[in-house]
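Reading the structure
The chain contents come next:
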Amino acid sequence: MIILNFNSSLAKEFKYDVRAYNLNVMDINFNIDDEINNKITFSAESVGIVGFFVKVLAKSKVEFDDKSKNTWKYEYRYDKPSTNKYRLNKINFSKEKVLNFETDPPRTEDLTKKVPYNKKDYFGVIDPIFAVKKLFLIDKKNLDCDKKIKVFDGNIFYYLVMKKENVQIDFDSVFSNYKGKLQKCILTYQPISGYIPGDPNTPEQFKVDLYFGIVGDNYFPIYATTKGKKGIRLKMYLDTIQ
């Protein structure tokens, strides 16, 4: 059920249901609370039959020092309880510049195979969660899909590029209570440095079809689709807004 509680001065929480072959495989929560408590949080958890066999948890948070959002901290943690493996990334930003970052446990990849960092990569960049807010939460007066944002996740510098397509669909799905016209935009991932060319775990071209609809004062993705590993088509449906 879609619960609507949209006010520009209040927190906004989005809950998505990710499906493969119409089976629920992951739940995603995205909470934008930067107007009140200076933070944004994200979590993803494998569920259903996938979660039964391979439990995966991912959590990210952004904490701004104040309302100006000039200085902030980003933290990402990935856990795979079945193997006791985890990854923790922390980054400090100031005025869209990477001040410092750390990874626990340290990465073991062969650095000679990676595209090396460049000094200019550290400037004009933000974290993945702040980038999602800038890309996805759009004023309903103008669906501005033409955006290019440089991102650093603690390992790879990359661009997220979004473009508007001249395509609308009439959306009506049993997996969402939202019904109506949606506008298509395309999001692509373009690595800059820190990645290994040809590595399937960091695809050099990654595309997501996003379909935006209006609720309250904003456009945001109601539905999205992309190809996951082994070519499996993944579909994401907006479940709840609070």
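Preceding block: the structure.
Attention in this report is confined to the structure presented alongside it.

Reading guide: rules and limits
- Residues numbered from 1 in each chain as written.
- Predicted model: local features only at pLDDT ≥ 70, side-chain atom pairs only at ≥ 80, totals over all residues.
- Heavy atoms only, no water.
- Phe/Tyr/Trp six-rings, centres within 6.5 Å; stacked < 30°, edge-to-face > 60°.
- Helix = DSSP H or I, 4+ residues; strand = E, 2+ residues; numbered from the N terminus.
- Buried < 20%, exposed > 50% of the residue type's maximum accessible area, 1.4 Å probe, protein only.
- Lys NZ or Arg CZ within 6 Å of the ring centre and 35° of its normal.
- Disulfide = S-S within 2.5 Å.

Attention now goes to the packing of aromatic side chains. For the structure on display, the rule yields 20 aromatic pairs. On the numbers, 6.4 Å between centres and 75 degrees between planes, the contact of Phe-136 with Phe-212 is edge-to-face. Residue Phe-136 is located in helix α2 (residues 128–136), and its partner Phe-212 is located in strand β12 (residues 206–215); the two are separated by 76 residues in the primary sequence. One exposure class covers both Phe-136 and Phe-212, and it is buried. Pairwise contacts between aromatic rings join Phe-101, Tyr-117, Tyr-122, Phe-152 and Phe-157 into one cluster. Here the basic side chain of Lys-69 rests over the ring of Phe-64, its NZ or CZ set 5.9 Å away from the ring centre.

To continue, consider the state of the cysteines. On inspection of all chains with the given rule, the structure shows one disulfide. A sulfur-sulfur separation of 1.8 Å characterises the disulfide bridge that pairs Cys-145 with Cys-185. Disulfide Cys-145-Cys-185: torsion about the S-S bond near 75 degrees, hence right-handed. Of this pair, Cys-145 sits in the loop between β8 (138–139) and β9 (147–152) while Cys-185 sits in strand β11 (residues 179–193), placing them 40 residues apart in sequence. Across the pair, exposure class does not vary: Cys-145 and Cys-185 are buried alike.

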